[in-house]
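# An overview of the molecular structure
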Amino acid sequence: GEDVEQSLFLSVREGDSSVINCTYTDSSSTYLYWYKQEPGAGLQLLTYIFSNMDMKQDQRLTVLLNKKDKHPSLRIADTQTGDSAIYFCAESHGGSQGNLIFGKGTKLSVKP
Amino acid sequence: EAQVTQNPRYLITVTGKKLTVTCSQNMNHEYMSWYRQDPGLGLRQIYYSMNVEVTDKGDVPEGYKVSRKEKRNFPLILESPSPNQTSLYFCASSLTLSGYGYTFGSGTRLTVV
């Protein structure tokens, strides 16, 4: 079945770049999303990429997609302590169920 | 402000006591969905609705019911809650099935004792 995998933890120093990796299995995926969840809060859509794109940049965020390996990654440049959160990768193919399949989330800790 | 509103934010209840978590969106979205979030399991879809009076099961529907009598509202009903339904619940709405533009509510933390 469909599956989305992420590493569970990532720790970086303030000012460094963070790279959060994801892998999905559904070859019919259309969209790939990155959500941010801060403690006690809901999910905030950060960015997305169509599965036929290679890269998308939005200010400090860059999404790279290795289509062959179904391997999207989220890069956060100049990581700040306010970036500490759980980051979820999710994919959808717009099928009849319209479901987003989420990874288990990567907890990013930013050390000063 | 465009938003998805869930109520309550926190709820502690006892096993077997029926409860309803409300969800309302003001964006005229056709597609609405309920997810539960559990540690180590990520988010899993419970039920979804593609329009008024059109609902269907997601991946983990057991023990839940939903209704969609109006476009803006999509309540989640637990007829006889059990401790394994202790979780963080999110309602979401979207203009399209692809999930593009998904907006999530702030979540409802439910504890069943």
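Scroll up a little and you will see the structure.
Below, the structure is looked at part by part.

Scanning chain B for helices and strands turns up 0 helices and 11 strands. Along the chain direction, N to C, the helices and strands of chain B fall in the order β-β-β-β-β-β-β-β-β-β-β. Scaling as 2.2 N^0.38, a compact globule of 113 residues should have a C-alpha radius of gyration of about 13 Å, and chain B matches this with 13 Å. By its C-alpha atoms, chain B is 35 × 30 × 25 Å across when sized along the principal axes. Scored against the burial criterion, the 113 residues of chain B give a buried share of 50%. Within chain B, residue pairs in contact and separated by at least 24 positions form 54% of the contacts whose partners lie at least 6 positions apart. Entry remark: accessible area of chain B is about 5300 Å², with carbon and sulfur atoms responsible for 52%. Treating the 12 positive side-chain charges of chain B as one cloud and the 9 negative ones as another, the clouds have centres 6 Å apart.

Summed over all chains, the structure comprises 2 disulfides over all chains. Through a disulfide, A:Cys22 is tied to A:Cys89; the S-S separation comes to 2.1 Å. With the S-S bond torsion at -75°, the cross-link from A:Cys22 to A:Cys89 turns out left-handed. Linking A:Cys22 in strand β3 (residues 18–24) with A:Cys89 in strand β9 (residues 85–92), this pair joins segments that are 67 residues apart in sequence. Its relative accessible area of 1% is what places A:Cys89 among the buried residues. With its sulfur 1.9 Å from that of its partner, B:Cys23 forms a disulfide with B:Cys91. Between B:Cys23 and B:Cys91, the disulfide has an S-S torsion of -75° and is therefore left-handed. Taken together, the positions of B:Cys23 in strand β3 (residues 19–25) and B:Cys91 in strand β9 (residues 87–94) put the pair 68 residues apart, joining distant regions of the chain. The burial state of B:Cys23 is the same as that of B:Cys91; both residues are buried.

In this section: the sheet that holds strand β8 (residues 71–76) of chain A. Residue and element names in this part refer to chain A. Spatially, 5 strands are ordered β1-β3-β8-β7-β6 in an open sheet, and the strand pairing comes out antiparallel. The open sheet is flanked by β1 (4–6) and β6 (55–58), the only strands paired with a single partner. When strand polarity is set aside, the average angle formed by the axes of neighbouring strands in this sheet is 15°. Here 3 bridges tie β1 to β3, and the two strands are oriented antiparallel to one another. Bridge assignment links Gln6 to a residue of β3, and that residue is Cys22.

A few words now on unusual backbone geometry. Of note, the bond from B:Asn7 into B:Pro8 is cis; its omega dihedral lies within 30 degrees of zero at -5°. Secondary-structure assignment places B:Pro8 in the loop between β1 (4–7) and β2 (10–13). One non-glycine residue with positive phi stands out, namely A:Gln59, at about 55°. Along the chain, the position of A:Gln59 falls in the loop between β6 and β7 (61–66). We classify A:Gln59 as exposed; its relative accessible area is 73%. Unlike most non-glycine residues, B:Glu53 shows phi in positive territory, near 65°. With respect to the helices and strands, the residue B:Glu53 is situated in the loop between β5 (42–51) and β6 (54–57). Overall, the relative accessible area of 61% leaves B:Glu53 in the exposed class.

Cut-offs used in this document
- Residues numbered from 1 in each chain as written.
- Chains lettered and ligands numbered in written order.
- Predicted model: local features only at pLDDT ≥ 70, side-chain atom pairs only at ≥ 80, totals over all residues.
- Heavy atoms only, no water.
- Helix = DSSP H or I, 4+ residues; strand = E, 2+ residues; numbered from the N terminus.
- Rg over C-alpha atoms; globule rule 2.2 N^0.38 Å.
- Buried < 20%, exposed > 50% of the residue type's maximum accessible area, 1.4 Å probe, protein only.
- Contact = heavy atoms within 4.5 Å.
- Areas by Shrake-Rupley, 256 points an atom, 1.4 Å probe, with all protein chains shown as cover.
- Lys, Arg positive; Asp, Glu negative; His and termini not counted.
- Charge placed at Lys NZ, Arg CZ, Asp CG, Glu CD.
- Disulfide = S-S within 2.5 Å.
- Pairing = 2+ DSSP bridges.
- Axes fitted to C-alpha atoms, helices over the stretch in contact; angles between N-to-C directions.

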